[in-house]
Amino acid sequence: MHLTDTEKAMRDGAGGEAVAAAMDLLIRYGNALGAERLVETDNVAGAFNASTPSVRKIAENGMAEVFSRLNLDSDKTVEIPQMAARTCQLITGIDDQNWALQGADPQMVQMQRDSEAFVGQRGVNLMATCTPYQVGNVPTFGEHCAWMESSAVIYCNGALGGRTNVEGKESTGAAALTGRIPYWGYHLTENRYGNRHIRVEVPVRSMLDWGLLGYFTGEMVEENIPVLEGQMSGVDLVKLKHFGAAAASSGGVEMYHIPGHTPEARIADEAFGPNRAEDFHVYDAAARKKMYDTLQSAEDRKVDFIMLGCPHNSIEQVGRIAHLLDGKRLHPDVALWVHTPRAIRTVAERSGYVARIEAAGGKVMSDTCPAISRRLPEGVRVIATDSAKQAHYLPAIAKVQGWFGSLEACIEAGLTGTWKGDF
Amino acid sequence: METLTTPLLIRGRGVVSGRVEGEALVTTQTISGWGGINERDGSIIERRHELVGQSFAGKILVFPGAKGSSGWSAFFHMTRINGVAPAAMLFTRMTTKMALGAVVTRVPAMTDFDADVFTEIRTGDHVVVDADAGTVEVTRR
């Protein structure tokens, strides 16, 4: 891989040991990819937190060791300087305010706080959400980024026209300290054109519709780039957030085009560029029903936990939940958690949404989610969620049964304790 | 019973250097890291995966590549720290998740093969991976 003189100097230690370790990892990683060179980035979204039991042993030796080993893949513990690139923290494992409700160990909470103090001191913005684009990190068109979090990556590429691959805990650590990432994959224009075609022949309007379409898209195209045309309406931030998270869960979709709506294609020809669709898929009523059935992993209709907010909810989504729960009471056997970034929670509190959700017996959480934290209310056996991503992952992670459906179906289950579903 | 035929030789590109031999675990399905594996025992936990419940610890893992969450590298990184990493990774689809995961797992890894590894290698076969020489030797078991 070609390195500039500046990059060679970084590798050779001119920027200190941490920068050298970071550059060493980027070189190993770039060579593994077969990348020709690195590209400059000033927009990094990574996971610098220490909030899982497996990190505890390393954290006992200090946060510099956590960063060195887990964010730089360095066997030597190096002193960590200020971040060179604009850097934010994605979702963590512990809600800093509701940790007791999560059942988190106070020692782990302290470890998380120590870790946040350590990286905050070094310039990491503690957004603590899987949706940094909702709380201040909105890449500009064509901006080279180094982001983790599959649902954020597909949003950055598909919805915003920023450029990032799916990075990891180690490569984002290295990018933050060097302002570099391998110039490969979605950083190159020629790799961003569509190569699969999906024709939508059933109306896609509601959040449920967009989630199911996303799940279908991932199932059909795997890691390819779909171009979607047909009966889609109501395209907005929240729908694309939901769609992308689902597509990135069932497949490995990191980029897509909805001509006329997403920034890199006004018409299908622009979306495909020099490519031709190698496969053609039809999304119809039968495909929609099949996706709905695929997402169910429960048999028992007695529900004990409603999980909302994956990816983290927007302010409108929190407001909608408050509206649906207004003046009502959850079934006594059911817990309901709403997840939203802490910055949005502040607005939700001010708007009265948090109070209305809590008056119904629900909780508003931030910083984490049950799939990431692996923490659910005690004794939960059957969950319901409006998130295709959470329905895909949480049952396996938490060994619970999972129902998937619309927000309205989830709220109804919360109020009655029984799952009825949407079909 | 062990056969006495010459091992099959497959060539490919080394992704992470090193030489190792062991027993193959083969799947034609991509693997999720976060939510797909248990990093404490090296087992596959994705409920619809054909290898669900099986462990890749110490095996030559032959698979198309990575899918799912960006926690992929961190979870395979933890399998190394927990001593339950695969012995080697042979994969066919290069992605950033896959490349970074292989690099931080620090086991010999290869891709770009001159043969179809999913038909030439079967679970249980004895496999010698030499990522520096760019060779995979397969002995049917």
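Residues numbered from 1 in each chain as written. Chains lettered and ligands numbered in written order. Predicted model: local features only at pLDDT ≥ 70, side-chain atom pairs only at ≥ 80, totals over all residues. Heavy atoms only, no water.

A word on the overall build of chain A
- For chain A, the count of helices and strands is 18 helices and 14 strands.
- Over its C-alpha trace chain A gives a radius of gyration of 22 Å, about what one expects of a compact globule, namely 22 Å for 423 residues.
- Counting the 423 residues in chain A, one finds 61% classified as buried.
- Carbon and sulfur atoms form 47% of the exposed surface of chain A, whose accessible area is close to 15,400 Å². (Helix = DSSP H or I, 4+ residues; strand = E, 2+ residues; numbered from the N terminus. Rg over C-alpha atoms; globule rule 2.2 N^0.38 Å. Buried < 20%, exposed > 50% of the residue type's maximum accessible area, 1.4 Å probe, protein only. Areas by Shrake-Rupley, 256 points an atom, 1.4 Å probe, with all protein chains shown as cover.)

Regarding the overall build of chain B
- Check the secondary structure of chain B and you find three helices and twelve strands.
- Over its C-alpha trace chain B gives a radius of gyration of 14 Å, about what one expects of a compact globule, namely 14 Å for 141 residues.
- Per-residue burial for chain B yields a buried fraction of 60% across its 141 residues.
- For chain B, the proportion of contacts with a sequence separation of at least 24, taken over those separated by at least 6, is 68%. (Contact = heavy atoms within 4.5 Å.)

Concerning the interface of chain A and chain B
- At the junction of the two partners, chain A supplies 44 residues and chain B supplies 34 residues.
- The contact between chain A and chain B buries some 3,200 Å² in all, and 53% of this surface belongs to carbon and sulfur atoms.
- Three residues stand out in chain A for area buried against chain B, namely A:A32, A:E223 and A:R374, and they jointly supply 17% of the buried area on that side.
- Counting across the interface, chain A meets chain B through seven salt bridges.
- Measuring nitrogen to oxygen at the nearest pair gives 3.5 Å for the salt bridge that ties A:E222 to B:R93.
- The tally of links between chain A and chain B comes to 15 residue pairs in polar contact (both at pLDDT 80 or more).
- Among the elements of the structure, helix 2 (17-33), helix 3 (53-59), helix 4 (63-72), helix 8 (169-178), helix 9 (207-221), helix 16 (370-373) and helix 17 (388-398) of chain A are those that each provide at least two residues to the side of chain A that touches chain B.
- The residue inventory of the side of chain A that touches chain B, partitioned by class, reads 18 nonpolar, twelve polar and 14 charged. (Buried area = accessible area lost by both parts, 1.4 Å probe. Salt bridge = Lys/Arg side-chain N within 4 Å of Asp/Glu carboxyl O. Polar contact = N/O pair within 3.5 Å; in protein donor to acceptor, adjacent residues only side chain to side chain. Nonpolar A, V, L, I, M, F, W, Y, C, P; charged D, E, K, R; others polar.)

Some words on helix 4 of chain A
- Extensive coverage of helix 4 of chain A is indicated by the burial of eight of its ten residues.
- Looking only at helix 4 of chain A, the buried set comprises A:M63, A:E65, A:V66, A:F67, A:S68, A:L70, A:N71 and A:L72.
- In this fold, the buried residues of helix 4 of chain A make contact with helix 2, helix 3, helix 6 (106-121) and helix 8 of chain A together with helix 1 (72-81) of chain B.
- Looking one or two places after helix 4 of chain A, you find A:D73, whose phi comes out positive at around 55 degrees.

Let's talk about the domain arrangement of chain A
All names here are of chain A.
- Each assigned domain of chain A is listed here: domain 1 (5-184), domain 2 (193-294) and domain 3 (305-416).
- For domain 2 versus domain 3, the separation of C-alpha centres amounts to 26 Å.
- Taken together, the 13 residues of domain 2 in the interface contact 15 residues of domain 3.
- Taken together, domain 2 and domain 3 are joined by zero salt bridges. (Domains from an automatic or database assignment.)

Structural notes on the packing of helix 1 of chain B against helix 2 (residues 96-105) of chain B
All names here are of chain B.
- The contact between helix 1 and helix 2 brings their axes to 8 Å, and the two run at 20 degrees. Relative to helix 2, helix 1 is oriented roughly parallel. For the pair helix 1 and helix 2, the crossing hand works out as right-handed. In contact with W72, S73, F76, H77, T79 and R80 of helix 1, helix 2 contributes K97, M98, L100, G101, V104 and T105.
- Of the residues that constitute the contact of helix 1 with helix 2, the class distribution is five nonpolar, five polar and two charged. (Axes fitted to C-alpha atoms, helices over the stretch in contact; angles between N-to-C directions. Parallel < 35°, antiparallel > 145°, perpendicular 65-115°, else oblique. Left-handed = near helix turned anticlockwise from the far one by under 90°.)

Quick look at the environment of A:G34
- Note that A:G34 resides in the loop between helix 2 and strand 1 (38-40).
- Its relative accessible area of 48% is what places A:G34 among the partly exposed residues.
- As for A:G34 and A:W184, which are separated by 150 residues in sequence, their C-alpha atoms are 8.2 Å apart.
- Apart from the residues within four sequence positions on either side, A:G34 is in contact with A:W184 and B:R13.

Some words on the pattern of salt bridges
- Enumeration over the complete set of coordinates arrives at 36 salt bridges over all chains.
- The residue A:R342 makes a salt bridge to A:D95 at a minimum N-O spacing of 3.0 Å. Residue A:R342 is located in helix 14 (residues 342-350), and its partner A:D95 is located in the loop between strand 3 (87-89) and helix 5 (99-102); the two are separated by 247 residues in the primary sequence.
- On the basis of relative accessible area, A:D95 is assigned to the buried category, the value being 0%.
- A salt bridge links A:R356 to A:D326; the nearest nitrogen and oxygen atoms lie 3.4 Å apart. Residue A:R356 is located in helix 15 (residues 353-359), and its partner A:D326 is located in the loop between helix 13 (315-325) and strand 11 (335-339); the two are separated by 30 residues in the primary sequence.
- A residue is classified by how much of its surface remains accessible, and A:R356, at 28% relative accessible area, is partly exposed.
- Through salt bridges with shared partners, a single network forms among A:D24, A:R28, A:D73, A:D75, B:R80 and B:R106.

Here's the deal with the sheet that holds strand 8 (residues 226-232) of chain A
All names here are of chain A.
- Ordered by their spatial adjacency, three strands build an open sheet running 8-7-9, and the pairing between neighbours is parallel. Since the sheet does not close on itself, it has two edges, and those belong to strand 8 and strand 9 (279-283), each with one partner. Ignoring which end each strand starts from, the neighbouring axes of this sheet average 15 degrees apart.
- Set on the sheet, helix 9 makes contact with strand 7 (196-204), strand 8 and strand 9; between it and strand 7 the angle comes to about 155 degrees. (Pairing = 2+ DSSP bridges.)

What about the packing of aromatic side chains?
- If you walk through the whole model with that rule in mind, you get 13 aromatic pairs over all chains.
- Measuring from centroid to centroid gives 4.9 Å for A:F216 and A:Y283, while their planes differ by 50 degrees, and the two rings are tilted. Placement of A:F216 in helix 9 and of A:Y283 in strand 9 is noted, with a sequence separation of 67 residues between them. One exposure class covers both A:F216 and A:Y283, and it is buried.
- Taking the centre distance of 4.0 Å and the plane angle of 20 degrees together, the rings of B:W72 and B:F76 count as stacked. A residue pair is termed a helical-turn pair when its members lie 3 or 4 positions apart in one helix, as B:W72 and B:F76 do in helix 1 at four residues.
- Owing to a relative accessible area of 0%, B:W72 belongs among the buried residues under this scheme.
- Judged by relative accessible area, B:F76 falls into the buried class, the value being 0%.
- The lysine or arginine in question, A:R37, covers the ring of A:Y183, its NZ or CZ lying 3.9 Å from the ring centre.
- Above the plane of the ring of A:F118 lies A:R122, whose end atom (NZ or CZ) is 3.7 Å from the centre. (Phe/Tyr/Trp six-rings, centres within 6.5 Å; stacked < 30°, edge-to-face > 60°. Lys NZ or Arg CZ within 6 Å of the ring centre and 35° of its normal.)

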